[in-house]
Amino acid sequence: MKKSALLFSGAALLILAVSCDSKSRLSGEMQGVWGGTPESISDTGASQATLVRLMEFNRTGNSSEGTVTMTALITVENTMQPNDTVAASPMAITASGTATITGAYQAIDDDEIVITLEASSLSVSVDPEGVKLSYNLPAQTAPDVEKIKAPAMMLASQQITRAAQNTFYTLTKLDDIKINNNLMSCEINDRDMTFRRQSAK
């Protein structure tokens with residue numbers, strides 16, 4: 001009986017060691033910066049919106065956990081309908097911004113990590129020079145159109161912030177992770193995603 005108990009205890013310790021090793025291995029493979037492909041997003045208030053994700057993982061020592069920095073490169077496009085004051089034809093207003101948030105991650109299986117992001121660390125920036133107005137108007141009307149750049153940027157900032165919050169605040173884990181050299185596939189909120197390593201481990 002004592003021998004059986006010792007064998008069971010030994011097997012349990014072996015399983016635990018293998019589990020810890022697989023989690024640590026995944027954490028190590030995740031290290032570096034990963035870039036995603038363009039995604040169409042909704043619920044931003046914009047006519048169209050897209051984002052590209054960047055994820056940077058930095059492992060703590062040889063453990064199964066570490067810090068993570070998430071970045072979203074977001075572009076929004078709005079359409080302004082004709083009116084008597086500014087435009088006699090539809091106008092497209094495009095703006096781009098960068099949103100960044102930091103937090104921590106922990107591998108809990110050989111193909112899954114949980115992510116805890118700090119909402120207070122969210123930072124959003126919009127380049128004023130990146131606000132583009134596309135219109136077909138006589139040259140004399142153009143100066144009036146330029147007056148809407150400031151409010152257009154304010155609107156874009158709100159939409160980009162909303163897009164970032166929708167993206168980051170619902171992200172709690174990466175599941176079904178598979179890494180093959182510099183390519184990674186995983187599930188985020190039940191969506192299949194693909195990333196390419198942007199920098200070495």
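Residues numbered from 1 in each chain as written. Predicted model: local features only at pLDDT ≥ 70, side-chain atom pairs only at ≥ 80, totals over all residues. Heavy atoms only, no water.

A. Seen up close, the environment of Glu29. Tracing the sequence through the fold places Glu29 in helix 1 (residues 2-30). Note on Glu29: relative accessible area 30%, which makes it partly exposed. Glu29 sits 152 residues away from Asn181 along the chain, and the two C-alpha atoms are 9.2 Å apart. (Helix = DSSP H or I, 4+ residues; strand = E, 2+ residues; numbered from the N terminus. Buried < 20%, exposed > 50% of the residue type's maximum accessible area, 1.4 Å probe, protein only.)

B. Broad picture of the confidence of the model for the protein chain. In the predicted model, the protein chain carries a mean pLDDT of 84, and the fraction of residues at 70 or more is 78%. Per-element confidence in the protein chain is highest for strand 6 (residues 113-117), whose mean pLDDT is 98, and lowest for helix 1, whose mean pLDDT is 61. (pLDDT = per-residue confidence, 0-100.)

C. Local environment of unusual backbone geometry. A positive phi angle is found at Asp43, which is not glycine, with a value near 60°. Among the structural elements, Asp43 can be located in the loop between strand 2 (39-40) and strand 3 (48-59). The class of Asp43 is exposed, set by a relative accessible area of 55%. Its identity is not glycine, yet Asn189 carries a phi of approximately 55°, on the positive side. Topologically, Asn189 is positioned in the loop between strand 10 (183-188) and strand 11 (191-197). Overall, Asn189 belongs to the partly exposed group, its relative accessible area being 42%.

D. Structural view of helix 3 (residues 149-168). Counted at 1.5 Å a residue, the expected span for helix 3 with its 20 residues is 28 Å, and the 28 Å between its end C-alpha atoms agrees. Among the residues of helix 3, those classed as buried are Ala152, Ala156, Gln159, Ile160, Ala163, Ala164, Thr167 and Phe168. All buried residues of helix 3 lie within an arc of 155° about the axis, which places them on one face of the element. Residues of helix 3 that are exposed and point over 90 degrees away from its buried face: Ala150, Met154 and Gln158. (Expected span 1.5 Å × (residues − 1). Arc of directions from axis to C-beta.)

E. Layout of the pairing of strand 4 (residues 65-80). Alignment of strand 3 against strand 4, held across twelve bridges, turns out to be antiparallel. By the bridge assignment, Thr50 is partnered in strand 4 with Thr75. Between strand 3 and strand 4, which pair antiparallel in sequence order, lie five residues; one of them, Gly61, sits at a positive phi of approximately 60°. (Pairing = 2+ DSSP bridges.)

F. Highlighting the side chain of Ser64. Here Ser64 is to be found in the loop between strand 3 and strand 4. The exposure class of Ser64 is buried, given its relative accessible area of 18%. Sequence-distant contacts of Ser64, that is, excluding residues within four places in its chain, are made with Lys23, Ser24, Ser27, Tyr105, Gln106 and Ala107. (Contact = heavy atoms within 4.5 Å.)

G. Representation of the pattern of salt bridges within the structure. Applying the stated rule across the entire model yields five salt bridges. Residue Glu39 is joined to Arg53 by a salt bridge in which the shortest nitrogen-to-oxygen separation is 2.7 Å. Here Arg53 lies in strand 3 and Glu39 lies in strand 2, a separation of 14 residues in the sequence. On the accessibility criterion, Glu39 (6% relative accessible area) is buried. For Arg53, a relative accessible area of 9% puts it in the buried group. With a closest N to O distance of 3.4 Å, Arg191 and Glu39 form a salt bridge. Taken as a pair, Arg191 in strand 11 and Glu39 in strand 2 lie far apart in primary sequence, 152 residues in all. Among the charged side chains, a salt-bridge network with shared partners connects Glu39, Arg53 and Arg191. (Salt bridge = Lys/Arg side-chain N within 4 Å of Asp/Glu carboxyl O.)

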